[in-house]
Amino acid sequence: MINLFITQLQALQLEGYQMSRFLRWWQHNPFRNKLKNKVGLKYTSKVKLLIGVSILVLASEILYLKHSSFLLLILATHLSFPFTLLGISLIIIKPYEMIRKKLTISHTRKTVLSSRKLTTIGITGSYGKTTTKNYLLSILSKYQETVATPESYNTTFGVAKCVALEICNKSRYFICEMDAYHQGEIKELCYQAPPQFALLISVGPQHLERLGSLSRATSANFELIDSVDPKNALVNIDNPLIAEKLKDFRYKSVKTFSLNPQSDADFLLTDFKMDSHG
């Protein structure tokens, strides 16, 4: 039961704690005890909370239903289908999670806005954003105190942790990587850590199972561009989806870059080579 519980908790985490998505996975893997070729379960504060609440739910059921004929049925259900226990636990912690998230966003926003000499640069894209972030960090850190979100710290709580631990009075640039699993997610991150500059690298099929379509993926990534003055945004015009979106009159001032020497982009990279190392 423990292995099955941990596996289903891992799957739930990979599906962003969305029960509807998890249930679609479960329909094809009802009794799988191990996930192959997947990132292992990360024992985050939320995972630890879910485990603790699940234990309390089990204990409460045993305590209050110990004389009931339904107790064995309920326990057998939880043992065979741990997601039932996880679903109950998710419902229980939801109010706490909502309050915690709201307070975290508010606190991070206050910290970023109070750092008057800090310039925040948002970076997003379906792929390439981490590499671009690392390049930019390498360049800017030679001139000014620069902070960048670490790998995988591109969610509400990841950004909050980075700001709390890394931003100080000496910080001049904050490079904030943002990821879009759902529409509205980047918009929320932009409220949490308001950027002055925006960089959109690419739009592609990554996370398409969550976003639903390439059109929605494009709109989700453009939430970063929408959060800054258009002239302070830079996008990859070589990407067809981005190029199509730029036809909108709202984006006429957005700056563009390209690797195509025939492009009319604002910035062209003409002297470069690519090999097996990049």
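Quick note: structure is the one above.
For the structure given in this document, a descriptive report is provided here. (Residues numbered from 1 in each chain as written. Predicted model: local features only at pLDDT ≥ 70, side-chain atom pairs only at ≥ 80, totals over all residues. Heavy atoms only, no water.)

## With respect to the environment of Ala217
Position of Ala217 relative to the elements: it lies in helix α10 (residues 214–225). Each C-alpha atom of the pair Ala217 and Tyr135 lies 25 Å from the other, and the pair is 82 residues apart in sequence. Discounting residues that sit within four places of it in the chain, Ala217 has contacts with Val203, Gly204 and Leu211. (Helix = DSSP H or I, 4+ residues; strand = E, 2+ residues; numbered from the N terminus. Contact = heavy atoms within 4.5 Å.)

## Thoughts on the sheet that holds strand β6 (residues 255–258)
Through backbone hydrogen bonds, the strands of a sheet pair up, either in parallel or in antiparallel fashion. What the seven strands build is an open sheet, ordered β2-β3-β1-β4-β5-β6-β7; its pairing is parallel. The open sheet has two edge strands, β2 (146–148) and β7 (267–268), and neither has a second partner. Bridge analysis of β2 against strand β3 (residues 173–177) gives three bridges, and the strand direction is parallel. Residue Val147 lies in a different strand from β3, and its bridge partner there is Phe174. Sheet contacts for α10: β1 (119–124), β4 (197–200) and β5 (233–236); angle to β4, the most-contacted strand, approximately 155°. (Pairing = 2+ DSSP bridges. Axes fitted to C-alpha atoms, helices over the stretch in contact; angles between N-to-C directions.)

## Topic: the packing of aromatic side chains
All told, the structure shown has seven aromatic pairs when counted by the stated rule. On the basis of an interplanar angle of 35° and a centroid distance of 5.5 Å, the ring pair of Phe22 and Trp25 is categorised as tilted. Taken together, the residues span about one helical turn, with Phe22 and Trp25 both in helix α2 (residues 19–28) at a distance of three residues. Plain terms: the ring middles of Phe22 and Phe83 are 6.1 Å apart, the flat faces sit at 55° to each other, and that makes the pair tilted. Remark: Phe83 occurs in helix α5 (residues 82–114) and Phe22 occurs in helix α2; sequence separation between them is 61 residues. Per residue, the accessibility class of Phe22 equals that of Phe83, and both read buried. Chaining the aromatic ring pairs together yields one cluster made of Phe22, Trp25, Trp26, Phe31, Phe81 and Phe83. Lying across the ring of Tyr17, Lys46 places its NZ or CZ 4.2 Å from the centre. Sitting over the face of the ring of Tyr191, Arg109 holds its NZ or CZ atom 4.0 Å from the ring centroid. (Phe/Tyr/Trp six-rings, centres within 6.5 Å; stacked < 30°, edge-to-face > 60°. Buried < 20%, exposed > 50% of the residue type's maximum accessible area, 1.4 Å probe, protein only. Lys NZ or Arg CZ within 6 Å of the ring centre and 35° of its normal.)

## Let's talk about the pairing of β6
Of the two faces of β6, only one is covered, namely that formed by Thr256 and Ser258; the face formed by Lys255 and Phe257 stays uncovered. As judged from the three bridges shared by β5 and β6, these two strands associate in the parallel manner. Considered in β6, the bridge of Val235 is made with Thr256. Regarding topology, helix α11 (residues 240–245) serves as the crossover connection from β5 to the parallel β6, and that connection is right-handed. The pairing of β6 with β7 spans two bridges and is parallel. (Right-handed = clockwise from strand over helix to strand, strands pointing away.)

## Focus on the nonpolar core
Core analysis: the largest hydrophobic core is formed by 31 residues, its most contacted members being Phe174 and Ile225. The set of elements that each furnish at least two residues to this core consists of α7 (156–166), β3, α8 (185–192), β4, α10 and β5. With five residues, the single largest contributor to this core is α10. Ignoring anything within four residues of it in the chain, the contact list for Ile225 reads Ala198, Leu200, Ala233, Val235, Tyr251 and Val254. In this structure, Leu35, Val53, Phe83 and Ile93 belong to the second largest nonpolar core, which totals 19 residues. (Core = buried A, V, L, I, M, F, W, Y, C linked by side-chain atoms within 4.5 Å.)

## Considerations on the pattern of salt bridges
All told, the structure shown has nine salt bridges when counted by the stated rule. Its salt-bridge partner being Lys101, residue Glu188 comes within 3.0 Å of it at the nearest N-O pair. In this pair, Glu188 sits in helix α8 while Lys101 sits in helix α5, placing the two residues 87 residues apart along the sequence. Assessed through its relative accessible area of 31%, Lys101 is described here as partly exposed. A salt bridge links Arg250 to Asp248, with the nearest nitrogen and oxygen atoms 3.0 Å apart. Look at Arg250 and you get partly exposed, because its relative accessible area is 49%. Taking the relative accessible area as the measure of exposure, Asp248 reaches 30% and is therefore partly exposed. Ionic contacts of the salt-bridge type, sharing partners, join the residues Lys46, Glu97 and Arg100 into one network. (Salt bridge = Lys/Arg side-chain N within 4 Å of Asp/Glu carboxyl O.)

Nothing here speaks to function; it is geometry throughout.
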